[in-house]
Every structure is written in structure tokens, then in C-alpha cells.
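Residue strings, one per chain:
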Amino acid sequence: VQLQASGGGLVQTEGSLRLSCAASGGTFSRYTVGWFRQAPGKEREFVAAIRSSGGYTYYADSVKGRFTVSKDNAKNTLYLQMNSLKPEDTAVYYCAAGAGVILSRVRAPNAYDYWGQGTQVTVSS
């Protein structure tokens, strides 16, 4: 599976951005898909995910209520709508896909098999 993330950019505090992740080379609906982010000097951290089984969504506490993850299986595309952005949301955002990701591992980066190249999100104060 190949993943291509896009939609990042520079936005002011309280602004919005919508990230997209286009997938190819696999059956998109069979994968748990998610977003992670990595700020300079920090480890990659979980942001949001949708499990392949049941379509349940999961969020990091830091983004809950502000970000919404969704996907369009027909278009093989994953989205992340980000509202009320804060400077601490500044990071490179990566999309990821994993086969057979169990519930207890949905927030673990090493549970995912495929990664996009990342898109930079910068929130100015």
C-alpha cells in the first residue's frame, strides 16, 4: 500500500486545515488507518485512527473535540479535519495504515505497516 499525504500548510491560531491521505495498491477498507505527528525533537505521537472493523474512531486526548478523522473507502482516501488549531499542533503529520491492528495497539506507531511521506502543519501564534 502506498500512501500520499497532503493538505498541510501555515495557519494562524484557531484556524482550520484539512489533511488528506490518498492510498493505492491495496484494499483500503481492510486496513486500520490513522494519523500521527512528530514535532522537532519529539517522538512520533498518535493523533487519530479509524479501525477497519466497525469503523470506530479514536483520538488523542490533546485533539479530541477539535479534530475529526474520516475516510472514503470508494476514493481510498483518509481525512483529518483540524479545527481550533493551536501552536502546539505544529508538527509533520503522517498517515499510516495497518492490517490486523488490535484495539490495544491502535495508538502505537509500530502497529502500522505503511506510512505516507508526511505533510508539515505550522500554527502561528
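Please refer to the structure higher up on the page.
Peer 1: Report on the sheet that holds strand S3 (residues 17-24), specifying residues and quantitative values.
Peer 2: Strand order in the open sheet formed by four strands is S1-S3-S8-S7, with antiparallel pairing between adjacent strands. In the strand order of this sheet, the two ends are held by strand S1 (2-6) and strand S7 (67-72), each with one partner. Here the average twist between neighbouring strands, direction ignored, is 15°.

Peer 1: Could you give an account of the state of the cysteines, naming the residues involved and the relevant values?
Peer 2: Every disulfide links exactly two cysteines, by a covalent bond between their sulfur atoms. Applying the stated criterion across every chain, the model contains one disulfide. The side chain of Cys-21 participates in a disulfide bridge whose partner is Cys-95; the two sulfur atoms lie 2.2 Å from each other. As the torsion about the S-S bond is roughly 65°, the Cys-21-Cys-95 disulfide counts as right-handed. Taken together, the residues span a long stretch of sequence, with Cys-21 in strand S3 and Cys-95 in strand S9 (residues 91-98) at a distance of 74 residues. When sorted by exposure, Cys-21 lands in the same class as Cys-95, which is buried.

Peer 1: Give a description of the pairing of strand S4 (residues 32-38) that names residues and reports values.
Peer 2: In terms of residue burial, S4 counts as a mostly covered element, since six of its seven residues are buried. Alignment of S4 against S9, held across seven bridges, turns out to be antiparallel. Of the residues in S9, the one forming a bridge with Trp-35 is Cys-95. Bridge count between S4 and strand S5 (residues 45-50): five bridges; the pairing is antiparallel. Of the residues in S5, the one forming a bridge with Trp-35 is Ala-48.

Peer 1: Describe in detail the packing of aromatic side chains, supporting the description with residues and values.
Peer 2: Counted by the stated rule, this structure contains six aromatic pairs. Centroid distance Tyr-31 to Tyr-114: 5.9 Å. Interplanar angle 85°. Geometry classified as edge-to-face. One end of the pair, Tyr-31, is in the loop between S3 and S4; the other, Tyr-114, is in strand S10 (residues 114-115), and 83 residues separate them in sequence. Classification of Tyr-31 by relative accessible area gives buried; the value is 15%. Aromatic side chains Phe-36 and Phe-46 sit 5.7 Å apart centroid to centroid with 75° between the ring planes, which places their arrangement in the edge-to-face category. With a gap of 10 residues between them, Phe-36 in strand S4 and Phe-46 in strand S5 connect regions that are remote in the sequence. By relative accessible area, which is 0% here, Phe-36 ends up buried.

Peer 1: Now, about the pairing of S9: what can you tell me, with residues and values included?
Peer 2: Burial runs high along S9: seven of the eight residues are buried. Pairing of S9 with strand S11 (residues 119-124), which is carried by three bridges, proceeds in the antiparallel orientation. Bridge assignment links Tyr-93 to a residue of S11, and that residue is Thr-119. Two elements, S9 and S10, share two bridges in a ladder whose sense is antiparallel.

About the cut-offs
Residues numbered from 1 in each chain as written. Predicted model: local features only at pLDDT ≥ 70, side-chain atom pairs only at ≥ 80, totals over all residues. Heavy atoms only, no water. Pairing = 2+ DSSP bridges. Helix = DSSP H or I, 4+ residues; strand = E, 2+ residues; numbered from the N terminus. Axes fitted to C-alpha atoms, helices over the stretch in contact; angles between N-to-C directions. Disulfide = S-S within 2.5 Å. Buried < 20%, exposed > 50% of the residue type's maximum accessible area, 1.4 Å probe, protein only. Phe/Tyr/Trp six-rings, centres within 6.5 Å; stacked < 30°, edge-to-face > 60°.

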